[in-house]
Amino acid sequence: MRASQRLLVKKAVNPANFNKGGLAKTLNAFSLTMMGVGAIVGSGIFITPGIIAAKYAGPAAMLSFVIAAVVCSLAALCYAEFSSTIPLAGSAYTYVYTVFGEFLAWILGWSLISEYLFAVSSVAVSWSAYFQNLLRGFGLALPTYLSAAVGTAGVQHAGFNLIAFVVVLAISLLLVGGLQSSTRVNSIMVIVKILVIVLFIGVAIFFVRPANYQPFMPHGAHGLVKGASLAFYAYIGFDAVSTASEEVKNPKHDMPIGIIGSLVVASILYVAMATVLVGVVHYTQLNVGDPVAYALSVIHQNWAAGIVSLGAVVGMTTVLIVMLYGGTRLLFAISRDGLLPRTFRTLSPKTKVPVKSTWIFGVIASIFAAVIPLDKIAELVNIGTLFAFAMVSIGVIFLRRHETLQQIESSFKVPFYPVLPIVSFLACLYLMLNLQAFTWKMFGIWLAIGLVIYFTYSFRHSKIRAALRAKE
């Protein structure tokens, strides 16, 4: 077998093994939707609409979120077809392994590890900042060397961020207790978060002034598209739902509902928030760190500000739960293929949860959150996600042509095939090319580390390659 063929050996898919992975099947369409909303709607819903309105789109910020939702929905449709056809843990990594081969799957899997790892770390830092503000409201404060607080410019001060470190370990402990209990906690928190958002909208809508919607597009179509680019990143997180495929009772039915349903709910919330916010306060006044709290102070409804802060903390907690969960299931899938040590695929006999994987991932994320500045750890999240979106989108075309997979009955098919998958691929590629040079540099360093691991360990321990060697 030639070297190129060895690198691109594909993962065989046997439908008979879909229910033999060892993970407990406890999830349904509702819990999947709550996971998706939990990952997408974080503290950003209280910040992003104001920034987009003030800097780019003006009152048309609501349309920026609509455009971003449409672009994301293209990738979501592709994820839905893959997850209903191949209901296995690992999400995009497993899909790419099946249609493109091992080497590209490893690159994508390693990229996704950065997405989940740095997403957890960055959100934990923000969670810490919010919590420290709440402590200061009660006259309490941690020593500077234990807080590493985030300043107004988004730069984290030197020190050990104890709160960020502890909250990630606490979420890890919750996940180790079993998926059923952690999804129940997540669902409750998502409902609380939605109620807080609805409360703000219900209070603020009576103070909307039609004059604030003029001029509607002060920066024209260019500003609208720029705003949509920023809004796109607010939706990142729905892909974490697909990592749960193997733990869903009826994946062919529930996975498309969970992925698409969560995106629909999140889109409605973002658009509604943006519409009311720019109606209450003129867009030129929303370039502040906490636009929702500012809007409440303008209309003299300060009593609701504390509730909004609660919603922000709860929102970030659900993001931590889902992204930490997604990272551990990704490590489980990669390890099961032999590309990472077997420690990552060891399941608890009682809870059927990859306990060691959860703790290893949680400890690394907690250390990153405690010592690395926020403006640095957030850089790798976007590019890793867009790379996954692009590969899954174009992968649908190869999925339809796969001889074995053509025989598997899928409950969901991407409409307007092959146009939508190609458009989704090109849209993701365009957004990747518009990322900062520093982001690409960091991505290159991360990939270089991944390649070293692959050629020193993964290549030699691959289960698929070992089976091929045994046949030769």
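Analysis parameters
- Residues numbered from 1 in each chain as written.
- Predicted model: local features only at pLDDT ≥ 70, side-chain atom pairs only at ≥ 80, totals over all residues.
- Heavy atoms only, no water.
- Helix = DSSP H or I, 4+ residues; strand = E, 2+ residues; numbered from the N terminus.
- Areas by Shrake-Rupley, 256 points an atom, 1.4 Å probe, with all protein chains shown as cover.
- Core = buried A, V, L, I, M, F, W, Y, C linked by side-chain atoms within 4.5 Å.
- Buried < 20%, exposed > 50% of the residue type's maximum accessible area, 1.4 Å probe, protein only.
- Contact = heavy atoms within 4.5 Å.
- pLDDT = per-residue confidence, 0-100.
- Salt bridge = Lys/Arg side-chain N within 4 Å of Asp/Glu carboxyl O.
- Phe/Tyr/Trp six-rings, centres within 6.5 Å; stacked < 30°, edge-to-face > 60°.
- Axes fitted to C-alpha atoms, helices over the stretch in contact; angles between N-to-C directions.
- Parallel < 35°, antiparallel > 145°, perpendicular 65-115°, else oblique.
- Left-handed = near helix turned anticlockwise from the far one by under 90°.
- Nonpolar A, V, L, I, M, F, W, Y, C, P; charged D, E, K, R; others polar.
- Arc of directions from axis to C-beta.
- Expected span 1.5 Å × (residues − 1).
- Patch = residues over 30% accessible without salt bridge, like charges linked within 9 Å, V, L, I, M, F, W, Y side chains within 5 Å.
- Polar contact = N/O pair within 3.5 Å; in protein donor to acceptor, adjacent residues only side chain to side chain.
- Disulfide = S-S within 2.5 Å.

1. What about the overall build of the chain?
Broken down by element type, the chain carries 18 helices and 0 strands. Just so you have it, the chain exposes about 18700 Å², and 68% of that area is on carbon and sulfur atoms.

2. Here we look at the nonpolar core
Grouped together as the largest cluster of nonpolar side chains are 150 residues, with contacts concentrated most on Val41, Phe46, Tyr79, Phe200, Tyr235 and Phe238. Looking at which element gives the most residues to this core, the answer is helix 6 (residues 102–137), with 18 residues. Excluding its chain neighbours within four sequence positions, the residues that come into contact with Phe238 are Ile40, Cys72, Ala75, Ala76, Tyr79, Ile259, Ser262, Leu263 and Phe389.

3. Observations concerning the environment of Leu431
Here Leu431 is to be found in helix 16 (residues 419–433). Taking the relative accessible area as the measure of exposure, Leu431 reaches 10% and is therefore buried. Considering only alpha carbons, one finds Leu431 and Ser229, 202 residues apart in sequence, at a separation of 7.5 Å. Every residue in contact with Leu431, bar those within four places of it in the chain, is listed here: Ser229, Phe232, Tyr233 and Leu386.

4. Notes on the confidence of the model for the chain
Put simply, the chain has an average pLDDT of 83, and 87% of its residues get 70 or more. The spread of mean pLDDT over the elements of the chain runs between helix 14 (residues 374–377), the lowest at 55, and helix 10 (residues 251–280), the highest at 91. Contacts of residues 149–156 to residues separated by more than four positions or lying in other chains number 21 contacts, the stretch itself having pLDDT below 50.

5. Remarks on the pattern of salt bridges
Think of it this way: side chains of opposite charge can pair up when their charged atoms draw near. By the definition in use, this model includes 3 salt bridges. The salt bridge involving Glu247 is made with Arg329; its shortest N-O contact spans 3.0 Å. With Glu247 in the loop between helix 9 (220–234) and helix 10 and Arg329 in helix 12 (residues 305–336), this residue pair connects regions lying 82 residues apart in the sequence. Residue Glu247 is classed as buried on the basis of its relative accessible area of 1%. Arg329 sits in the buried class, given a relative accessible area of 2%.

6. What to know about the packing of aromatic side chains
Per the counting criterion, the structure on display carries 20 aromatic pairs. Between the aromatic rings of Phe103 and Tyr454, the centroid separation amounts to 5.6 Å while the plane-to-plane angle is 65°, which identifies the pairing as edge-to-face. With Phe103 in helix 6 and Tyr454 in helix 17 (residues 437–461), this pair connects stretches of sequence that are 351 residues apart. Like Phe103, the residue Tyr454 is buried in the burial classification.

7. Quick look at unusual backbone geometry
Keep in mind that most residues, glycine aside, have a negative phi and that most peptide bonds are trans. In this chain, Gln214 is followed by Pro215 through a cis amide linkage whose omega measures -10°. Residue position: Pro215 is located in the loop between helix 8 (179–204) and helix 9. Across the junction of Tyr417 and Pro418, the peptide omega takes the value 0°, indicating a cis bond. Locating Pro418 in the fold gives a position in the loop between helix 15 (379–401) and helix 16. For Phe416, which is not a glycine, the phi torsion comes out positive at approximately 55°.

8. What to know about the packing of helix 8 against helix 10
Running from N to C, helix 8 and helix 10 point in directions that differ by 30°, and their axes come no closer than 10 Å. As judged from the angle between their axes, helix 8 and helix 10 are roughly parallel. The two elements helix 8 and helix 10 meet at a crossing, and its hand is left-handed. Residues Ile194, Ile197, Phe200, Ile201 and Ala204 of helix 8 touch helix 10, and the partners they reach there are Leu269, Ala272, Met273, Val276, Leu277 and Val280. A per-class count over the contact of helix 8 with helix 10 returns 11 nonpolar, no polar and no charged.

9. With respect to helix 11 (residues 291–298)
For helix 11, the full list of buried residues reads Pro291, Val292, Ala295 and Leu296. Around the axis of helix 11, the buried residues are gathered within 140° of arc, so they sit on the same side. Those residues of helix 11 that are buried lie in contact with helix 3 (48–57), helix 8, helix 10 and helix 12. Note on helix 11: the residue one or two positions beyond its end, His300, has a positive phi of about 60°.

10. Some thoughts on helix 4 (residues 61–85)
Over its 25 residues, helix 4 extends 36 Å from the first C-alpha to the last, a length consistent with the 36 Å expected when each residue adds 1.5 Å. Burial analysis of helix 4 places 19 of its 25 residues in the buried class, which makes it a mostly covered element.

11. Some words on a nonpolar patch on the surface
Taken together, the side chains of Phe160, Leu162, Val166, Leu173, Trp359, Val363, Ile367 and Val371 present a nonpolar region at the surface, about 630 Å² in accessible area. Within the residue set of the nonpolar patch, elements represented by two or more residues are helix 7 (162–176) and helix 13 (355–371). The greatest single-element share of the nonpolar patch, amounting to 4 residues, is contributed by helix 13. Here Phe160 shows up in the loop between helix 6 and helix 7.

12. Section: the environment of Ser262
Its location among the elements puts Ser262 in helix 10. Each C-alpha atom of the pair Ser262 and Leu32 lies 7.9 Å from the other, and the pair is 230 residues apart in sequence. In this structure Ser262 touches Thr33, Gly36, Val37, Ile40, Phe238, Val241 and Ile257, once residues within four positions along its chain are discounted. Of the polar contacts made by the side chain of Ser262, one reaches the backbone oxygen of Ile259; its length is 2.9 Å.

13. Quick word on the state of the cysteines
For the coordinates displayed, the defined rule picks out 0 disulfides. For Cys72, which is in no disulfide, the shortest distance to another cysteine sulfur is to Cys428 and amounts to 7.9 Å. The buried category is assigned to Cys72, whose relative accessible area is 0%. Summary of cysteine pairing: Cys78 is not part of a disulfide, and the nearest cysteine sulfur, belonging to Cys428, is at 8.5 Å. Relative accessible area serves as the criterion here: at 0%, Cys78 is assigned to the buried category.

14. Notes on the packing of helix 4 against helix 5 (residues 92–99)
Following both chains from N to C, one finds helix 4 and helix 5 inclined at 75°, their axes separated by 10 Å at the closest point. It follows from the interaxial angle that helix 4 and helix 5 lie roughly perpendicular. Residues Tyr79, Phe82 and Ser83 of helix 4 lie in contact with helix 5, whose contacting residues are Ala92, Tyr95 and Val99.

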